[in-house]
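Each chain is listed here by its residues.
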Amino acid sequence: EHHLSHIGSAFFASGFDKAACLSIDGSGDFTTTMIGVGEGNEIKIIDSVDFPHSLGIYYTAFTQFLGFAHYGDEYKVMGMAPYGEPKYVNKLKDVVKLTSNGLFKLNLKYFRDARKGVISYGEDNIPKVAVMYSDYLVNMFGKPRDKNDPLEQFHKDMAASVQRMTEIVIFHILNHLQKTTGLSKVCIAGGVAQNSVANGKITGETAFKEVYIPSAGHDAGISMGAALYVQHHLLKFSRQPAIKSACTGSCYSNEEIKQILRDKKVAFEEIKDEPLFDKVTDCLIGGGVVGWFNGRAEFGPRPLGGRSIIADPRRTDAKEILNAKIKRRESFRPFAPSVLKEFTADFFEKHDEVPFMEKVFVIKPEKRTLIPAVTHVDGTGRLQTVDKEISSRYYGLIHNFYKKTGIPILLNTSFNENEPIVNHPEQALACFLRTDMDMLVMENILITKL
């Protein structure tokens, strides 16, 4: 079952012996939200919310209303929210209603008939999401933004309000779940669990002390979750250690990479780790942008030092450089900091392990001017804590940058240009050649532009 798989992907990977569990997304197997408890090898379900009452559908509907029509555009609303004020929360309380059993329901007047299709595919295989809001929502909130219309303050205030209402619902569910179970640990998965802004506030807004969210909290993660559920709940295998690495994908040796480059007649150098880190750091300090292709690819939507584009977080112009050279994306979307784990408390107001870039924390005010490229407009950053034992080469690169600059952080964004994250060396090379990236590092192989 969809939500059991989500919960399995979180609880059985968490290392917790006992924890409260929440799965929350658009919908799956006619359910949109499920709460329960994981203990040892078993998951017990407490309650659920059925389709069409869905926090994911609510968020998607307003994502469309704000002019972002593509499948998966919800993160743009989350990124735009800090530019606005949550002025419309009271109006949104008529759209999503909290219920006394610790869950919620939608006011279905604001949404189109749920019996009609949601997602279809054209000949280009790109998913198209049907408009989810109704004429009543338009009457109550105004004219929807066309994707080509300018972003006005109203749209930013709506984004802030939609995000705040989402957080209110999530914390309502979690507070009730905590009181019901009396537990201090919680495991969360589902598409809504990709809302890293809400995730970063959980320990402050609820009585939960520890939160585990897997690297692939969205629907890709149910593949692993289904397997973990069978392995533990059904077959009663012994519990395994906590999963703190997302690097489970494909990898390529130096020899394989060199052969690909020779076949394509691309010049390269092969350099050992420390001198390679020196060259990359010097390039970053000089304003360069580097493609970093290292080890196994990450499982999930976030770059974690396996397939990353990196830059100097100290530069006030880093966002402009990246968008001009490679990304060409909306100016309100932030870039993320990868920080050496032991320095997290020096730069962020919360100190926690964040291995999968799944939480947003407030950056200490006195540190914000030191890392402007990864400090969002509201003083936050969606961080990844880099552990030497888990990501040794990426840690080594950041540590080299730290030795030269005093800053134990790199700007990290996904290795792609309006496409899926690169996986194969040929894809990395193609992205490097068609953009203005300055360096490409694949394992110990270095390629530079002449």
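We now turn to the structure provided with this report. Bear in mind the structure is a predicted one, so any value in this text is a computation, not a measurement. (Residues numbered from 1 in each chain as written. Predicted model: local features only at pLDDT ≥ 70, side-chain atom pairs only at ≥ 80, totals over all residues. Heavy atoms only, no water.)

## Quick look at the packing of helix α2 (residues 55–65) against helix α6 (residues 153–181)
The test is simple: Comment: axis = line fitted to C-alpha atoms, over the contacting stretch for helices; angle = value between 0 and 180 degrees taken between N-to-C directions. A run of H or I in DSSP counts as a helix once it spans at least four residues, and a run of E counts as a strand once it spans at least two, with each numbered from the N terminus. The scheme is simple: roughly parallel for angles under 35 degrees, roughly antiparallel for over 145, roughly perpendicular for 65 to 115, oblique for anything else. Residue contacts follow a heavy-atom distance rule, with two residues in contact if any of their heavy atoms lie within 4.5 Å. For this scheme, ten residues count as nonpolar: Ala, Val, Leu, Ile, Met, Phe, Trp, Tyr, Cys and Pro. Four count as charged, namely Asp, Glu, Lys and Arg, and the remainder, Gly too, count as polar.
Where α2 meets α6, the axes come as close as 11 Å, and the angle between the chain directions of the two elements is 175°. Our classification of the angle between α2 and α6 gives roughly antiparallel. For the pair formed by α2 and α6, the contact residues are L55, Y58, Y59, F62 and F65 on the first element and F154, M158, S161, V162, Q163, M165, T166, V169 and I170 on the second. Of the residues belonging to the contact of α2 with α6, the class tally is eleven nonpolar, three polar and no charged.

## Observations concerning the nonpolar core
For clarity, the cut-off: Side-chain atoms within 4.5 Å are what join buried Ala, Val, Leu, Ile, Met, Phe, Trp, Tyr and Cys residues into a set we call a nonpolar core. When a residue's accessible area, from a 1.4 Å probe over protein chains only, is under 20% of the maximum for its type it is buried; when over 50% it is exposed; and in between it is partly exposed.
V280, I310 and F415 are the most contacted members of the largest nonpolar core, which has 58 residues in total. Ranked by size, the runner-up nonpolar core spans 57 residues in total, among them I24, V77, F104 and M132.

## Digging into the pattern of salt bridges
Applied cut-off: One side-chain nitrogen of Lys or Arg within 4 Å of one carboxyl oxygen of Asp or Glu is enough to make a salt bridge.
Taken as a whole and judged by the stated rule, the model has 22 salt bridges. Among the salt bridges present, the one from D312 reaches R314, with a minimum N-O distance of 2.8 Å. For D312, a relative accessible area of 2% puts it in the buried group. The salt bridge partner of D317 is R315, with a shortest N-O separation of 3.0 Å. A relative accessible area of 30% means that D317 is categorised as partly exposed. Here the salt bridges share partners, and the residues they tie into one network are E255, K258 and E270.

## Here we look at helix α14 (residues 392–405)
Just so we agree on the cut-off: The span you would expect from a helix comes to 1.5 Å times its residue count less one.
Given a rise of 1.5 Å per residue, 14 residues ought to cover 20 Å, and the 20 Å separating the end C-alpha atoms of α14 matches this to within 8%. Regarding α14, the residues found buried are R393, Y394, Y395, G396, L397, I398, N400, F401 and T405. Where α14 is buried, its residues touch α11 (273–285), β11 (290–293), β12 (307–311), β13 (336–340), β15 (380–386) and β16 (409–414). In the segment just after α14, G406 is the residue with positive phi, at about 80°.

## Here we look at the packing of helix α1 (residues 2–14) against helix α9 (residues 222–234)
Put simply, α1 and α9 touch, their axes get as near as 7 Å, and they point 75° apart. Here α9 runs roughly perpendicular to α1, going by the angle between their axes. Contact residues: α1 offers H2, L4, S5, H6, G8, S9, F12 and A13, while α9 offers I222, M224, G225, A226, L228, Y229, H232 and H233. A per-class count over the contact of α1 with α9 returns eight nonpolar, eight polar and no charged.

## Concerning the packing of aromatic side chains
Pairs of aromatic rings are described using the distance from one ring centre to the other and the angle between the two planes. Quick reminder of the rule: When the centres of two rings from Phe, Tyr and Trp lie within 6.5 Å, Trp using its six-membered ring, the rings pair. Their planes under 30 degrees apart give stacked, over 60 give edge-to-face, and anything left gives tilted. Any Lys NZ or Arg CZ that is within 6 Å of a ring centre and within 35 degrees of that ring's normal is treated as a charge sitting over the ring.
Per the stated rule, a full pass over the model turns up 13 aromatic pairs. Three or more aromatic residues joined by ring pairs form one cluster here, namely Y58, F62, F65, Y110, Y133, Y136 and F141. When the ring centre of F68 is taken as reference, the NZ or CZ atom of R145 above it lies at 5.3 Å. Stacked on the ring of F347, the Lys or Arg K367 has its end atom at 5.0 Å from the ring centre.

## Focus: the environment of K264
Along the chain, the position of K264 falls in the loop between α10 (254–263) and β10 (269–270). Exposure remark for K264: the relative accessible area of 42% places this residue in the partly exposed category. C-alpha separation for the pair K264 and L429, spaced 165 residues apart in sequence, amounts to 10.0 Å. When residues no more than four places from it in sequence are discounted, the contact partners of K264 are E426 and L429.

## With respect to the sheet that holds strand β2 (residues 31–39)
To be explicit about the condition: By definition, two strands form a pair when at least two bridges between them are found by DSSP.
Pairing is mixed in the open sheet, where five strands are placed in the order β3-β2-β1-β8-β9. Each edge of the open sheet carries a strand with a single partner, namely β3 (42–50) and β9 (210–212). On average, each strand axis in the sheet is tilted by 20° relative to the strand beside it, whichever way the strands run. Alignment of β2 against β3, held across eight bridges, turns out to be antiparallel.

## Considerations on the sheet that holds β11
The nine strands are arranged β10-β18-β17-β11-β12-β16-β13-β15-β14 in an open sheet whose pairing can be described as mixed. The open sheet has two free edges, formed respectively by β10 and β14 (359–362), since each of these has just one partner strand. Note: β13 against β15, three bridges, orientation parallel. Looking at the pairing, V339 lines up with T385 of β15.

## So, a nonpolar patch on the surface
What counts, and what does not: Think of a patch as exposed residues, more than 30% relative accessible area, with no salt bridge, where like charges cluster within 9 Å and nonpolar side chains (Val, Leu, Ile, Met, Phe, Trp, Tyr) cluster within 5 Å. Each accessible area is a Shrake-Rupley result for a 1.4 Å probe, and residues are judged covered by the shown protein chains and nothing else.
Taken together, the side chains of V230, L234, L235 and F237 make up a nonpolar region of the molecular surface, amounting to roughly 370 Å² of accessible area. Looking at the element boundaries, F237 is found in the loop between α9 and α10. The exposure class of F237 is partly exposed, given its relative accessible area of 43%.

## Brief notes about α9
Of all the positions in α9, only G225, L228, Y229, H232 and H233 are classed as buried. Against the buried residues of α9 lie α1 and β3. Where α9 terminates, the next one or two residues include K236, which has phi positive at roughly 60°.

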